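# Commentary on secondary and tertiary structure
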Amino acid sequence: MTSPTPSVPTSAPASAPQAPRVPLRAAVAALPAYVPGARLAPGSSAFKLSSNENPYPPPAAVVAAIVDAAADTNRYPDMYATDLTEALATDLGVDAAQVVVGNGSVAVLAHILSAVVDAGDEVVYPWRSFEAYPIAVAVAGGTSVRVPVTRDGRLDLPAMAAAISDRTRVVLVCTPNNPTGPVVHAGELDAFLASVPGDVLVVLDEAYLEFVRDPEAPDGLTVLAAHPNVVLLRTLSKAYGLAGLRVGYAVAEPALAAGIRAVSTPFGVSHVAQRAALAALSVKDELLERVEHLVARRERLVEGLRDQGWDLPETQANFVWFPLGGPTAELAVGASAAGLLVRPFAGEGIRVSVGEEEATEAFLRVAAGWR
């Protein structure tokens, strides 16, 4: 007599969903959300003034480089972006060993913090400032120390110096400050650096450097040469119009640059981005001429706002800041209804990028209504 064959279920019984058992790091679970600028809907005729982008399309040489590089997307890019690193070094007049390229300046900042910040180390920075700062610090395991900007949107460097403690490893100096716009002055930066311990890293975030026309602004490369604990953080997203390809870089003392490079994401800058950046550097004069047009447009915008009675922070970037407080969200919605996408910071204010000529005129009409 044979034993019956045991039946085999055709499908596993349904089980109740289980709660996740892998907890996130507390610092990650508490991260504030990075809020990007509003995007245009397909087919929209609105002007996008929410992300500080360069409104000009890429020059023909950059487009040609992108098209040509696209044929090699089956291959990994040069891991260290050697050609681009050397081209940037030549343009800056520094050694190539001092330059580290990354996937946008935000990624480069993350690598800088990874290289020097241990768990619990403090990072001092101004606030309100670039909203990626608290995220990058938390991800690196650091502790944020925020120092309020002044009433006119300027960095309070004496207060930032006073906030440095024995646990401080990094200080972030955003100049021009995003989103308020003012630049730090050379004299105040010199005094600040003289008070910072030599083992504390100072990051000069110069994302909007090319738009600065204040004669009192510091020369970052001169500052770097005099202070080995300084790192310059720059980008090709704004003045060079490569926001969609993400190319940023740091300039630092060679040993520090080597450490930043060691923790960088392998192959972090795509081949297309590297070739586009090289092409952009080859037509630098053309791109900086566009920047001159944007600076002139910024000055006309600021003059128009002053004529309306606005008293705003002195911007040296490609945006203006309205410290509007409570009505911020409502006014941003109204601007959107008028065909202008702006960047609200809830309960604080609105940042408006310098865009097309037509956008500038349209925004002046909207700003008059805000008064």
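The preceding data block contains the structure.
Right, let's walk through the structure included here. (Residues numbered from 1 in each chain as written. Predicted model: local features only at pLDDT ≥ 70, side-chain atom pairs only at ≥ 80, totals over all residues. Heavy atoms only, no water.)

## Let's talk about the nonpolar core
Core analysis: the biggest nonpolar cluster contains 80 residues, and Phe 192, Phe 363 and Trp 370 have the highest contact counts within it. When near neighbours in sequence (up to four residues on either side) are disregarded, Phe 192 contacts Leu 157, Met 160, Ala 161, Val 171, Val 173 and Val 202. Membership of the second largest hydrophobic core comes to 27 residues, among which are Ala 132, Tyr 133, Cys 174 and Leu 233. (Core = buried A, V, L, I, M, F, W, Y, C linked by side-chain atoms within 4.5 Å. Buried < 20%, exposed > 50% of the residue type's maximum accessible area, 1.4 Å probe, protein only. Contact = heavy atoms within 4.5 Å.)

## Description of the pattern of salt bridges
Scanning all chains against the criterion turns up 13 salt bridges. With a closest N to O distance of 3.5 Å, Asp 83 and Arg 275 form a salt bridge. Residue Asp 83 is found in helix H3 (residues 82-92), and its partner Arg 275 is found in helix H10 (residues 271-282); the two are separated by 192 residues along the sequence. Classification of Arg 275 as partly exposed rests on a relative accessible area of 34%. The partner of Arg 167 in a salt bridge is Glu 122, and the shortest N-O contact between them spans 3.6 Å. Highlighted residues: Arg 167 in the loop between helix H6 (157-162) and strand S5 (168-174) and Glu 122 in strand S3 (residues 122-127), separated in sequence by 45 residues. Since its relative accessible area comes to 44%, Arg 167 is described here as partly exposed. With relative accessibility at 11%, the residue Glu 122 sits in the buried group. (Salt bridge = Lys/Arg side-chain N within 4 Å of Asp/Glu carboxyl O. Helix = DSSP H or I, 4+ residues; strand = E, 2+ residues; numbered from the N terminus.)

## Topic: unusual backbone geometry
Negative phi characterises most residues that are not glycine, and trans characterises most peptide bonds. With omega at 10°, the peptide bond leading from Trp 127 into Arg 128 counts as cis. You can see Arg 128 is positioned in the loop between S3 and helix H5 (132-139). The omega angle of the peptide bond from Thr 175 to Pro 176 is -5°, so this bond is cis rather than trans. One can find Pro 176 in the loop between S5 and helix H7 (186-195). Located in the positive-phi region is Arg 246, a residue other than glycine, with phi close to 65°. Position of Arg 246 among the secondary structure elements: in the loop between strand S7 (230-235) and strand S8 (248-251). Taking the relative accessible area as the measure of exposure, Arg 246 reaches 29% and is therefore partly exposed. Even without being a glycine, Phe 267 presents a positive backbone phi close to 55°. Among the secondary structure elements, Phe 267 is positioned in the loop between helix H9 (254-262) and H10.

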